[in-house]
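Remarks on the overall topology
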Amino acid sequence: MTKKSRVKKGRPHDSKAGTLAPADAVSPSQTIWPELLQRRLVWFWLLLLVGAAIRVFLIAGTEGTYDVPVWEKHAQAVHDLGLVAYYHKERDFNHPPVTGLIVSWLWSFSRQTGVPFRVALRAPFAIFDLATAILLIVLLKQNRWRYAIAAIYWLCPLSILFSRSEEHTSELQSHHD
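Residues numbered from 1 in each chain as written. Predicted model: local features only at pLDDT ≥ 70, side-chain atom pairs only at ≥ 80, totals over all residues. Heavy atoms only, no water.

1. Describing the packing of helix 4 (residues 68–81) against helix 6 (residues 97–113)
When two helices pack together, you describe them by how their axes are tilted relative to each other and by the distance separating the axes. We apply this condition: Convention adopted: a line fitted to C-alpha atoms gives each axis, helices being fitted over their contacting stretch, and angles between N-to-C directions are expressed from 0 to 180 degrees. Per the convention used, a helix needs a DSSP run of H or I reaching at least four residues, while a strand needs a run of E reaching at least two, with both numbered from the N terminus. The labels follow the angle: roughly parallel below 35 degrees, roughly antiparallel above 145, roughly perpendicular from 65 to 115, and oblique for the rest. Only heavy atoms enter the contact rule, under which two residues are in contact if any of them lie within 4.5 Å. Basically, the charged four are Asp, Glu, Lys and Arg, the nonpolar ten are Ala, Val, Leu, Ile, Met, Phe, Trp, Tyr, Cys and Pro, and anything else, Gly included, counts as polar.
Packing of helix 4 against helix 6 leaves a shortest axis separation of 8 Å and a crossing angle of 90 degrees. Judged by the inter-axis angle, helix 4 sits roughly perpendicular to helix 6. Touching Trp-71, Glu-72, Ala-75, Gln-76, Val-78 and His-79 of helix 4 are Thr-99, Gly-100, Val-103, Ser-104, Trp-107, Ser-108 and Arg-111, all from helix 6. Along the lines of polarity and charge, the residues of the contact of helix 4 with helix 6 split into 5 nonpolar, 6 polar and 2 charged.

Structure (structure tokens):
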């Protein structure tokens, strides 16, 4: 009888140690994505679609808050004059340099693609929310409620309202005095 024939089917043989590997051993190559494609998570995908539809409607279907035109003015001026020159010209522009550069890039993107600036300004926050929901699933890998927690975050009214609002650019910048 050879060594190979003594190994039970369904359990991989660990050739380095000469023992059988445990049946529940997790390969490092396994990720969360195969788990997300399982049929038992249909409810999660449906809730994800509902949250995405709400965000798309609020971002693309509404004009935004009163300060969208203010941000567009800032973005265009930073693009046209440069960041430092705009700081010298406009005393009301009291945002960190990174924020000025990001909105300027978003303004350029909206001009090049035809996407309205109000949409380009607010869409990244919905993407950040999606990344946060995925991060919750990854970080709570051992928690059996991880998908429910991520879905609750994704559908939380405050999360939805903050992701469609551009007033929360401080989420992208470091806090300073």
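2. Side note on the pattern of salt bridges
Two side chains carrying opposite charge are able to pair once their charged atoms lie near each other. Our working rule: By definition here, a salt bridge exists when the distance from a side-chain nitrogen of Lys or Arg to a carboxyl oxygen of Asp or Glu is within 4 Å. Partly exposed residues are those whose accessible area sits between 20% and 50% of the maximum for their type, while under 20% is buried and over 50% is exposed, using a 1.4 Å probe and protein chains only.
For the coordinates displayed, the defined rule picks out 4 salt bridges. Residues Glu-63 and Arg-118 are paired through a salt bridge, measuring 3.7 Å at the closest nitrogen-oxygen approach. Remark: Arg-118 occurs in helix 7 (residues 117–139) and Glu-63 occurs in the loop between helix 3 (42–60) and helix 4; sequence separation between them is 55 residues. By relative accessible area, Glu-63 is classed as exposed at 58%. Between Glu-72 and Arg-111 there is a salt bridge, with the nearest N and O atoms lying 2.5 Å from each other. Of this pair, Glu-72 sits in helix 4 while Arg-111 sits in helix 6; the two residues are 39 residues apart in sequence, bridging distant segments of the chain. Its relative accessible area of 24% is what places Glu-72 among the partly exposed residues.

3. Here we look at a nonpolar patch on the surface
The test is simple: Residues enter patches when they are more than 30% accessible in relative terms and free of salt bridges; like-charged ones are connected within 9 Å and nonpolar ones (Val, Leu, Ile, Met, Phe, Trp, Tyr) within 5 Å. For accessible areas, the Shrake-Rupley method is used with a probe of radius 1.4 Å. Any residue's cover is judged against the shown protein chains and nothing else.
A grouping of Leu-130, Ile-134, Leu-135, Val-138 and Leu-139 is seen on the molecular surface, where their side chains present a nonpolar patch of about 420 Å² in accessible area. Tracing the sequence through the fold places Ile-134 in helix 7. Of the residues examined, Ile-134 reaches a relative accessible area of 31% and is grouped as partly exposed.

4. Overview of helix 8 (residues 146–155)
What counts here: To obtain the arc, one takes the directions from the helix axis to the C-beta atoms.
Along helix 8, the residues that are buried comprise Arg-146, Tyr-147, Ala-150, Ala-151 and Trp-154. Within helix 8, the buried residues cover an arc of 130 degrees as seen down the axis, which keeps them to one side.

5. Side note on the packing of helix 6 against helix 7
Note the cut-off: Should the near helix be turned counterclockwise from the far one by less than a right angle, the crossing is left-handed, whereas a clockwise turn marks it as right-handed.
Between helix 6 and helix 7, the least distance of the axes is 9 Å, while the angle of their chain directions is 130 degrees. As summarised for this structure, helix 6 and helix 7 are arranged oblique, according to the angle between their axes. As helix 6 packs across helix 7, the resulting crossing turns out to be right-handed. Mapping the contact onto sequence places Val-103, Leu-106, Trp-107, Phe-109 and Ser-110 in helix 6 and Phe-117, Ala-120, Leu-121 and Pro-124 in helix 7. In terms of residue class, the contact of helix 6 with helix 7 is made up of 8 nonpolar, 1 polar and no charged.

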